[in-house]
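Residue-level structure breakdown
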Amino acid sequence: MPLIQGFSIDTIVNLAKATVLNPLALIVFLGYKAREADGWPERTGLVTTAYAFLSIYATTWLSNRWRNGLIPQRRLNSKTWPNEIVLVTGGAQGIAKSLSEKLAAKGANVAALDIVDFKSSHPNIKAYKCDISNYDDLKRIRSQIEKDFGGHVTMVANVAGLNNKSLILDLTPERVSRMIDVNLKSHFWTAMLFLPAMVKAKRGHFMSVASTMGFVGICHQSDYVATKHALVGMHESLHYEMQKMYKTPKVRMSTAIIGHTKTGLFEDFDVGPLGRFLGPKLEPSDVADQMLDAFESQDGKMILTPFMNNLTPSIKAHPWFTRDLIQAAAGGDGSYPSRPSASQLASSA
Ligand SMILES: NC(=O)c1ccc[n+]([C@@H]2O[C@H](COP(=O)([O-])OP(=O)(O)OC[C@H]3O[C@@H](n4cnc5c(N)ncnc54)[C@H](O)[C@@H]3O)[C@@H](O)[C@H]2O)c1
């Protein structure tokens, strides 16, 4: 993510990580203090802070290695990327379009799916029209991809999604069903159709884009929030199934817990100045970069961006007064203009 993109918490964090909180800078600082003290450095506030941040870096590293095996797999490179066939859903626009282009630039073979007709000028990207909520449609596309690329899909990026932006009493059964079909069931369909070949090959990567709303519920998003929460849970189960049942730990599972991104899907969502400071709007290409990095490193992970999303998984453990304070500061509630109608509120008595 660029260092400066409108002033926000991420600007401060990225600046600190590049300078005073850089792990190398912290080690040099502690080394200098140790030399000065001729032994263990005296426990000043700065020394304790340096220890604290170094242990956060160490824990993050260890957590990732614990999850993916102590010896990291080799990062994919210009020689190995061309062996990958990557399925990207929602490839016509937004995050998925950016990801498809980045994957293609690396040399990967990309099968980009969307419900709308689209074309890509990049020779490595093949566009397929497909409704991902339809299992049979996806099955047909799987055969077509295998024919076109001469192999099975080795990585999946489930990116396509819908947003109904409606209060509960304005939803219809059809819209709720459509939401669940596209934002949730489609991830089951791609898992059921594309994981078998990965399990047989004992390697692969299955990634889904969830959201901050995979952990946080806000007004106007009950159906969307429900699908994103479910997705987070589904991925956790699949991670353990790959490890413990199929004995294929190198079939990686990743989720992207992303905040507000500059695409059409949340165009009219505005959280106010404090909300924007805490959760700056992301560029689709920055999100795509982080997804690409997870694929390239061959590590399964939970991508958390912007910075404050590192704290969202713990939000449910907060007492309600801090929970409500965080909710108010983040500013998502009431961001959409619709309000309950007079007839919805009128008493029938
Ligand atoms: N934009 C944000 O602020 C934001 C925040 C958090 C999470 N997300 C998630 O990121 C993902 C990508 O969203 P985006 O912001 O790039 O949105 P986008 O609207 O730009 O792109 C979504 C794409 O999905 C396609 N699509 C929709 N239904 C489909 C279907 N049934 N079959 C095939 N394709 C279908 C659309 O045609 C579109 O091209 C979504 O899962 C979304 O929930 C977005």
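Sequence order as written defines the numbering, with residues in each chain counted from 1. Whole-chain, interface and lining totals are the exception, using all residues; otherwise, since this is a predicted model, local features are given only for residues with pLDDT of at least 70 and side-chain atom pairs are given and counted only at 80 or more.

Going by an unreviewed UniProt entry, the chain carries the name NAD(P)-binding protein and comes from Acaromyces ingoldii.

Considering the overall build of the chain
The condition that has to hold: Helix and strand labels come from DSSP, where a helix needs a run of H or I of at least four residues and a strand needs a run of E of at least two; each type is numbered from the N terminus. For this measure, only C-alpha atoms enter the radius of gyration; the expected value for a globule follows 2.2 Å times N^0.38, where N is the number of residues. With C-beta atoms placed from the backbone, a residue is labelled by how many other C-beta atoms lie within 10 Å of its own: buried for 20 or more, exposed for 12 or fewer, partly exposed between the two.
Summing up its helical and strand segments, the chain has eleven helices and seven strands in all. Rg of the C-alpha trace for the chain: 22 Å, near the compact-globule value of 20 Å for 349 residues, within the 12% margin. Dimensions along the principal axes, computed over C-alpha positions, put the chain at roughly 70 × 65 × 40 Å. Each of the 349 residues in the chain was classed as buried or not, and the buried ones make up 34%.

Let's talk about the packing of helix H6 (residues 173-201) against helix H7 (residues 222-245)
To keep things clear, this is the line we draw: Note on geometry: axes are C-alpha line fits, over the in-contact stretch for helices, and angles between N-to-C directions span 0 to 180 degrees. For this classification, under 35 degrees means roughly parallel, over 145 means roughly antiparallel, 65 to 115 means roughly perpendicular, and everything else is oblique. Left-handed is the label given to a crossing in which the near helix is rotated counterclockwise from the far helix by less than a right angle, and right-handed is the label when the rotation is clockwise. Whether two residues are in contact is decided by their C-beta atoms, placed from the backbone, lying within 7 Å. Asp, Glu, Lys and Arg are counted as charged, while Ala, Val, Leu, Ile, Met, Phe, Trp, Tyr, Cys and Pro are counted as nonpolar; the rest, among them Gly, fall into the polar class.
Where H6 contacts H7, the axes come no closer than 9 Å and their chain directions differ by 15°. Judged on the interaxial angle alone, H7 and H6 are roughly parallel. Considering only the axes of H6 and H7, their crossing is right-handed. Along the contact surface, H6 presents Val176, Met179, Ile180, Asn183, Leu184, His187 and Ala191, while H7 presents Asp223, Tyr224, Thr227, Ala230, Leu231, Met234 and Leu238. When its residues are assigned to classes, the contact of H6 with H7 shows ten nonpolar, three polar and one charged.

A look at the sheet that holds strand S4 (residues 155-158)
Spelled out, the test is: Here a strand pair is declared whenever DSSP counts at least two bridges between the two strands.
Read from one edge of the open sheet, seven strands run S3-S2-S1-S4-S5-S6-S7, paired in parallel fashion. With one partner strand each, in any of the chains shown, strand S3 (125-129) and strand S7 (302-305) form the two edges of the open sheet. Across the sheet, the mean angle from the axis of one strand to that of its neighbour is 15°, orientation sign disregarded. Where S4 and strand S5 (residues 204-209) come together, four bridges link them in parallel fashion.

Observations concerning the nonpolar core
Our working rule: Think of a nonpolar core as buried Ala, Val, Leu, Ile, Met, Phe, Trp, Tyr and Cys residues, each tied to the set through C-beta atoms within 7 Å.
Ranked by size, the top nonpolar core spans 59 residues in total, and within it Val86, Leu87, Val88, Leu99, Val110, Ala157 and Met291 carry the most contacts. The element contributing the most residues to this core is H6, with seven residues. Formed by five residues, the second largest nonpolar core is a distinct cluster that contains Val271, Leu278, Phe307 and Ala330.

Focus on helix H3 (residues 45-68)
For the record, the criterion: Given a helix with a known number of residues, its expected span is that number minus one, times 1.5 Å.
Taking 1.5 Å of rise per residue, 24 residues should cover 34 Å, and H3 covers 35 Å from first to last C-alpha, within 8% of that figure. At the C-terminal side of H3, glycine 69 shows a positive phi close to 95°.

Considerations on unusual backbone geometry
Geometrically, the link from threonine 305 to proline 306 is a cis peptide bond, its omega value of 5° lying close to zero. Relative to the helices and strands, proline 306 is located in the loop between S7 and helix H10 (320-330). Its identity as a non-glycine residue notwithstanding, lysine 165 has a phi of 50°, on the positive side. By the secondary structure assignment, lysine 165 is in the loop between S4 and H6. Lysine 165 sits in the partly exposed class, given 19 other C-beta atoms within 10 Å. Notably, lysine 247 is not glycine yet its phi reads approximately 55°, a positive angle. Note on placement: lysine 247 falls in the loop between H7 and strand S6 (251-258). Classification of lysine 247 as exposed rests on a count of 10 C-beta atoms within 10 Å.

Concerning the site of the ligand
Basically, it comes down to this: The criterion for a residue being near a molecule or strand is simple: its C-beta atom, placed using the backbone, must lie within 6 Å of it.
Residues in close proximity to the ligand total 29 residues, the closest being Gly90, Gly94, Ala160, Gly161 and Thr263. Of all the elements in the fold, those that place two or more residues in the shell around the ligand are helix H4 (94-106) and strand S2 (109-114). Among the elements that take part in the shell around the ligand, H4 stands out by supplying three residues, more than any other. Considered class by class, the residues forming the shell around the ligand number 16 nonpolar, eleven polar and two charged.

Description of the domain arrangement of the chain
When the parts of a complex come together, some accessible area is lost, and that lost area is often used as the size of the interface. Spelled out, the test is: Boundaries of every domain are those given by an automatic assignment or by a domain database.
Considered domain by domain, the chain is made up of domain 1 (9-68) and domain 2 (81-330). Secondary structure elements with two or more residues in the side of domain 1 that touches domain 2: helix H1 (9-18) and H3.

Quick look at the pairing of S4
Looking along a regular strand, one sees side chains alternate from face to face of the sheet. Stated formally: Here is how to tell: hold the view so the strands point away, follow the path from the first strand over the helix to the second, and if it runs clockwise the crossover is right-handed.
Here S4 shows no split at all, with Met155 and Ala157 on one side and Val156 and Asn158 on the other all buried. As defined by bridge partners, strand S1 (residues 85-89) adjoins S4 across three bridges and the pair is classed as parallel. Note on S4: the bridge partner recorded for leucine 87 is valine 156. Following the backbone out of S4, through H6 and into the adjacent parallel S5, one traces a crossover that is right-handed.

Considering the environment of asparagine 22
Tracing the backbone shows asparagine 22 in the loop between H1 and helix H2 (23-37). Spatially, the C-alpha atoms of asparagine 22 and glutamate 236 are 31 Å apart, while their sequence positions differ by 214 residues.

Let's talk about the packing of H2 against H3
Close contact between H2 and H3 brings their axes to 10 Å; oriented N to C, the two are set at 140°. Put simply, H2 runs oblique to H3. Note on packing geometry: the crossing formed by H2 with H3 is left-handed. Here Pro23, Leu26, Phe29, Leu30 and Lys33 of H2 lie close against H3, whose contacting residues are Val47, Ala50, Phe53, Leu54 and Tyr57.

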